[in-house]
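Notes for the structure review
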Amino acid sequence: SAVISQKPSRDICQRGTSLTIQCQVDSQVTMMFWYRQQPGQSLTLIATANQGSEATYESGFVIDKFPISRPNLTFSTLTVSNMSPEDSSIYLCSVVPTTNEKLFFGSGTQLSVL
Amino acid sequence: QKEVEQDPGPLSVPEGAIVSLNCTYSNSAFQYFMWYRQYSRKGPELLMYTYSSGNKEDGRFTAQVDKSSKYISLFIRDSQPSDSATYLCAMSAGASGGSYIPTFGRGTSLIVHP
């Protein structure tokens, strides 16, 4: 498996501001993803973070709202921009290590927007 | 109809009971089946990973897949209060590349009371 450190673990933000979430993995990984988990809902894939190139976004998610960086094989950031209360959710980083084909998750970021 | 259906519960059982958690799905291309456990304020943890139909056992946990019925189950024997968590099923068509990205159920909340 992989050890995934995600920061911050939780935050309370004001409407209109932005928050950047960091994801650091202890080993190189093939794939990195960002998910959103809203109360009572299944995990929703936001985007695949591609190393050295633009992220691949799922339907309903756009780069202006959720810019993603992945400068190397072990690190990625997700920014939630111009936040509104509807963005209140858990955001999860997940990875597929190069040594196996299973999906592992970070501990998540609990975001509340006032 | 959603691709993956999972009853959100909550499912409340006494300690020591056998627990059965289930998911149904509609996409016949799914070949890989996973169960994740998620404690409150934590990221999902991979519990079981199976390929195609059949059973897989790991300690008190048994994962069962019936592809003909498009139905998967997770059984927990001798349930403990520490098993109280949300259990998410997930499934994917492939083990690598774009077909790897799993589709998740909503999760079932399990409460094991002493």
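As shown above, the structure is provided for reference.
The notes below deal with the structure included here. (Residues numbered from 1 in each chain as written. Chains lettered and ligands numbered in written order. Predicted model: local features only at pLDDT ≥ 70, side-chain atom pairs only at ≥ 80, totals over all residues. Heavy atoms only, no water.)

Taken residue by residue, the interface counts 17 residues in chain B and 20 residues in chain A. In total, about 1600 Å² of surface goes out of reach between chain B and chain A, with carbon and sulfur atoms giving 60% of it. Three residues stand out in chain B for area buried against chain A, namely B:Tyr100, B:Ile101 and B:Phe104, and they jointly supply 31% of the buried area on that side. Our count for the contact surface shared by chain B and chain A stands at three residue pairs in polar contact (both at pLDDT 80 or more). Among the residues forming the side of chain B that touches chain A, the class breakdown is 10 nonpolar, four polar and three charged. (Contact = heavy atoms within 4.5 Å. Buried area = accessible area lost by both parts, 1.4 Å probe. Polar contact = N/O pair within 3.5 Å; in protein donor to acceptor, adjacent residues only side chain to side chain. Nonpolar A, V, L, I, M, F, W, Y, C, P; charged D, E, K, R; others polar.)

Moving on: the environment of B:Val112. Mapped onto the elements of the fold, B:Val112 is located in strand β11 (residues 108-113). Once residues lying within four places of it in the same chain are set aside, the contact partners of B:Val112 are B:Val13, B:Pro14, B:Glu15, B:Ser79, B:Gln80, B:Pro81, B:Asp83 and B:Ser84. (Helix = DSSP H or I, 4+ residues; strand = E, 2+ residues; numbered from the N terminus.)

A word on the sheet that holds strand β7 (residues 61-66) of chain B. All names here are of chain B. Taken in spatial order, the five strands line up as β1-β3-β8-β7-β6 in an open sheet, and their pairing is antiparallel. On the outer flanks of this sheet lie β1 (4-5) and β6 (54-58), each paired with one strand and no other. Sheet topology note: the β6/β7 ladder contains five bridges and is antiparallel. Residue pairing for β7: Lys56 is matched across the bridge by Ala63. (Pairing = 2+ DSSP bridges.)

Residues and elements named next belong to chain A. By the definition in use, this model includes two disulfides over all chains. Sulfur-sulfur distance for the disulfide between Cys23 and Cys93 comes to 1.9 Å. What sets the handedness of the Cys23 and Cys93 disulfide is the S-S torsion sign, and at about -60 degrees it is left-handed. Here Cys23 is found in strand β3 (residues 19-25), whereas its partner Cys93 is found in strand β9 (residues 89-97), with 70 residues between them in sequence. Relative accessible area serves as the criterion here: at 0%, Cys23 is assigned to the buried category. Its sulfur unpaired, Cys13 is 18 Å from the next cysteine sulfur, which belongs to Cys23. Look at Cys13 and you get buried, because its relative accessible area is 8%. (Disulfide = S-S within 2.5 Å. Buried < 20%, exposed > 50% of the residue type's maximum accessible area, 1.4 Å probe, protein only.)

The next point concerns the sheet that holds strand β7 (residues 68-72) of chain A. Each strand in a sheet pairs with its neighbour through backbone hydrogen bonds, running either in the same direction (parallel) or in the opposite one (antiparallel). Residue and element names in this part refer to chain A. Sheet architecture is open: four strands sit in the order β1-β3-β8-β7, paired in antiparallel fashion. Bordering the open sheet on either side are β1 (4-7) and β7, each of which pairs with just one other strand. Between one strand axis and the next, the sheet turns through 15 degrees on average, direction left out of account. Note that β7 and strand β8 (residues 75-80) share three bridges and pair antiparallel. Residue pairing in the sheet places Ser69 in a bridge with Thr77 of β8. (Axes fitted to C-alpha atoms, helices over the stretch in contact; angles between N-to-C directions.)

Let us look at unusual backbone geometry. A cis amide bond links A:Lys7 with the next residue in sequence, A:Pro8, at an omega value of -5 degrees. In this structure, A:Pro8 sits in the loop between β1 and β2 (10-13). Cis peptide bonds are those with omega within 30 degrees of zero, and the linkage from B:Gly9 to B:Pro10 qualifies with 10 degrees. Relative to the helices and strands, B:Pro10 is located in the loop between β1 and β2 (11-14). Positioned with a positive phi, B:Arg41 is a non-glycine residue whose angle comes to about 65 degrees. Along the chain, B:Arg41 turns up in the loop between β4 (32-38) and β5 (45-51). We note that B:Asp78 has phi near 45 degrees; this positive angle belongs to a residue other than glycine.

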